[in-house]
Amino acid sequence: MEQAAGCPAVGGSYPQKNAEILSSQYGINLFLAGLLLTFAWAVHAVGISKSHLLSYLITLMLIQLLWMLWYLCRSCTQRRLIQDKDTHAGARWLKCGITLFAVITLILDSFKIGYYIDFSNCLSPTEGIFPVTHAVHTILQVYFLWCHAKDVIQSFKTLERFGVIHSVFTNLLLWTNGVLTESKHQLNEHKERLITLGFGNITIVLDDHAPQCNCTTTTLCSIFSQGIYYLYPFNIEYHILASTMLYVLWKNIGRKVEHHQQSKTPFKFHGITVGMIFGLIVLTSTIAIVVVYLIQIGGSKIKSELALTMFYLHAIFVLALMCTAGIVALLIYRLEDRSLDNSKNPARKLDAELLVGTAAGSWLLSWGSILAIICAQGHPKYTWYNLPYSVLVIIEKYIQNLFIIESIHREQEKVNDDIKTLRIVTISRGSTLSLTPLYKEIYNGRAARDSGDIPCLFKGSICGRENDGAGDAREEMSQDNSLVMHSASDFSFCRRNSVTNNKRRILKNIAAFLFLCNLSLWIPPAFGCRPEYDNGLEEIVFGFEPWIIVVNLAMPFSIFYRMHSAASLFEVNCKT
């Protein structure tokens, strides 16, 4: 009878596994078709225009909109169908981040609408329909993720798998379209800069997709056309974040949730002042470097070389600091004896895979630069700074990945129940004096600082704070009673706790510093400060077209790595 009862459960897993395989294959084919269409438009394939690509994307977004509306309506009418939640998925800070990127994406859509209105005489209607559809898609998707990112779907699982995976690859295609558009703009600027660096022997052919007509209002057209490319980095990050959150939702479909999941760990600024100060210094200096770089590069050969030298020296200094901070954090982990959490967690597994996978993009660029420096016959002075820069990029990502992955897999520190209930027993009319408030202060490292009282141990005895007023204290002091002496292990508790608090404080400062450093290193490539383009040495060794293809393929992953690392480090700071 027990086997008969168990057979349906075992057999029932096969349809769900088949649904997972079928839905993943559906999503991959959806993505490959869109990727090929995007590539065809990029290389000006015969018979393929931008309107074909936009029509395909509009269709995918409309299908996702219909599915999300159906899911939201069903959730409202049948609230009891979804009871389980994955507390690891869809963290509040992640939702806030994607909301910020979505708001800037809506501004980008408004710029595109204005751009279409000004060039409406020679643009396809799809270029006006696309930003409107995209804006509606963005608003509804952000609302959907805020409300349902933590859902563990247990009903209509086959249908939901196809709906969610469709949403994942729709966002990946929108991300690809944004990356390609932004990369083409950066490539055109790069080709113009190469002339000022003296690389006139490279064929300069601009890949221009500008409309072949005059603008109705020249000033507005200039604002829209230039503003669009400064907003694309936020649009790119929005879509990749949305696709990762939706992928976790897809992996959670039909999953049995463990009910002993971790509690919420809110972010606190307390105790991370040093890390924040140094991180803000790096962030401010990076913004200044980017501004000067974009002004100087392409102005003249001397100015361009100075801009590249300035960028490399700043990056070398920042990467060296990050390597040092990561090594210190790993050494602290080696000194601690804490077990790892090996429970099933799709969000955590995806974070680790994305860290290593996207780091490969910048590793590829770094090894290309190292090989170019070794093999090149001539070396301008600024190119030698590229060698330590490239080496440090490889080492820093290696160390940082190890620190982040170990941090998100470490179990949160648990306090012994015996210590939590530690009390001082006084033999005075059968009453007891609780040490619980004092323990909380000791554990949080605030006892002596807040009140000026002696928080813990002195002269071999245990002292408690006066809780019952001065009169009661004098009465107890006048009585011939004595305190029960505790063992040596009780006395060493405060010392151990002080060491633990110091380690936690150092780790939190390191996580805060690395968080701001990763945001700082995200800014240069996202906003056009790309020495891999402007260095010129790699184009000579590998050839212009091959190296540009490598950069265009690897750079989006390198940019995403920095933002994803910042998000992961924020989580590490909250958990530490």
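Please read all numbers here as calculations on a predicted model, not as lab measurements. (Residues numbered from 1 in each chain as written. Predicted model: local features only at pLDDT ≥ 70, side-chain atom pairs only at ≥ 80, totals over all residues. Heavy atoms only, no water.)

Helices and strands together make up the secondary structure of the protein chain, namely 18 helices and 4 strands. Here the analysis covers contacts within the protein chain between residues at least 6 apart in sequence; of these, 86% occur between residues at least 24 apart. When the accessible area of the protein chain is evaluated, it comes to approximately 28,600 Å², of which 65% is carbon and sulfur surface. (Helix = DSSP H or I, 4+ residues; strand = E, 2+ residues; numbered from the N terminus. Contact = heavy atoms within 4.5 Å. Areas by Shrake-Rupley, 256 points an atom, 1.4 Å probe, with all protein chains shown as cover.)

The next subject is empty space enclosed by the protein. This structure, assessed with the given rule, holds 5 cavities of 30 Å³ or more. Elements with a minimum of two residues in the lining of the largest cavity: α7 (273-296), α8 (301-335), α9 (346-375), α10 (386-409), α15 (488-526), α16 (531-534) and α18 (544-575). (1 Å grid on protein atoms, 1.4 Å probe; cavity = no way out; pocket = protein on both sides within 12 Å on 5 of 7 lines; lining within 4 Å. Points joined across faces, edges and corners; volume = space filled by probe spheres on them.)

This part takes up the packing of aromatic side chains. Summed over the entire model, instances satisfying the criterion amount to 19 aromatic pairs. In this structure an aromatic cluster arises from ring pairing among Phe-101, Phe-234, Trp-522 and Phe-527. (Phe/Tyr/Trp six-rings, centres within 6.5 Å; stacked < 30°, edge-to-face > 60°.)

The next thing to look at is the environment of Asn-518. Note that Asn-518 resides in helix α15. When near neighbours in sequence (up to four residues on either side) are disregarded, Asn-518 contacts Met-322, Gln-400, Tyr-561, Arg-562, Ser-565, Ala-566 and Leu-569. Among the polar contacts listed, one links the side chain of Asn-518 to the backbone oxygen of Leu-514, at a separation of 2.7 Å. (Polar contact = N/O pair within 3.5 Å; in protein donor to acceptor, adjacent residues only side chain to side chain.)

On to the side chain of Thr-383, then. As for its placement among the helices and strands, Thr-383 is situated in the loop between α9 and α10. Sequence-distant contacts of Thr-383, that is, excluding residues within four places in its chain, are made with Ile-373, Asn-535 and Leu-537.

In terms of nonpolar packing, the biggest core is built from 122 residues, with Phe-144, Phe-311, Met-322, Tyr-389, Phe-403, Leu-514 and Trp-522 touching the most fellow members. Among the elements that line this core, the one with the most residues is helix α6 (residues 218-251), at 16 residues. Both domains that furnish three or more residues to this core are identified here as domain 1 (15-256) and domain 2 (267-411 + 498-575). Filtering out sequence-adjacent residues up to four positions away, Leu-514 remains in contact with Met-322, Ala-325, Gln-400, Phe-403 and Leu-569. (Core = buried A, V, L, I, M, F, W, Y, C linked by side-chain atoms within 4.5 Å. Buried < 20%, exposed > 50% of the residue type's maximum accessible area, 1.4 Å probe, protein only. Domains from an automatic or database assignment.)

Before going further, it helps to examine the pattern of salt bridges. Taken as a whole, this structure holds 4 salt bridges when the rule is applied. The closest approach of N and O atoms between Glu-160 and Arg-74, which form a salt bridge, is 2.7 Å. One end of the pair, Glu-160, is in helix α5 (residues 157-196); the other, Arg-74, is in helix α2 (residues 50-77), with 86 residues separating them in the sequence. Here Glu-160 and Arg-74 have matching classes, each one buried. (Salt bridge = Lys/Arg side-chain N within 4 Å of Asp/Glu carboxyl O.)

On the surface, a nonpolar cluster with roughly 390 Å² of combined accessible area is contributed by Val-274, Ile-277, Phe-278 and Ile-281. Positionally, Phe-278 belongs in helix α7. Judged by relative accessible area, which is 48%, Phe-278 ranks as partly exposed. (Patch = residues over 30% accessible without salt bridge, like charges linked within 9 Å, V, L, I, M, F, W, Y side chains within 5 Å.)

A word on the side chain of Ser-75. With respect to the helices, strands and loops of the structure, Ser-75 is situated in helix α2. In terms of polar contacts, Ser-75 uses its side chain to reach the backbone carbonyl oxygen of Tyr-71, at 2.8 Å.

With that settled, consider the confidence of the model for the protein chain. With 72% of its residues at a pLDDT of 70 or more, the protein chain shows a mean pLDDT of 76. Across residues 415-470, where pLDDT falls below 50, the model places 79 contacts with residues more than four positions away in sequence or in other chains. (pLDDT = per-residue confidence, 0-100.)

The subject of this paragraph is the state of the cysteines. On inspection of all chains with the given rule, the structure shows 0 disulfides. Cysteine Cys-73 shares no disulfide, and the gap to the nearest cysteine sulfur, in Cys-76, comes to 6.7 Å. (Disulfide = S-S within 2.5 Å.)

The interhelical angle for the contact between α9 and α10, taken along N-to-C directions, is 170 degrees, at an axis separation of 9 Å. By the criterion of interaxial angle, the relationship of α9 to α10 is roughly antiparallel. Here the residues of the contact of α9 with α10 sort into 16 nonpolar, 7 polar and 3 charged. (Axes fitted to C-alpha atoms, helices over the stretch in contact; angles between N-to-C directions. Parallel < 35°, antiparallel > 145°, perpendicular 65-115°, else oblique. Nonpolar A, V, L, I, M, F, W, Y, C, P; charged D, E, K, R; others polar.)

What follows concerns the packing of α9 against α18. Viewed as axis vectors pointing N to C, α9 and α18 meet at an angle of 140 degrees, and their least axial separation amounts to 7 Å. Taken together, the axes of α9 and α18 are oblique relative to one another. The way α9 lies across α18 gives a crossing that is left-handed. Of the residues in the contact of α9 with α18, the class split is 13 nonpolar, 9 polar and 2 charged. (Left-handed = near helix turned anticlockwise from the far one by under 90°.)

Further remarks concern the environment of Phe-317. Of note, Phe-317 is situated in helix α8. Owing to a relative accessible area of 53%, Phe-317 belongs among the exposed residues under this scheme. Taking C-alpha positions, Phe-317 is 9.1 Å from Tyr-389, a pair spaced 72 residues apart along the chain.

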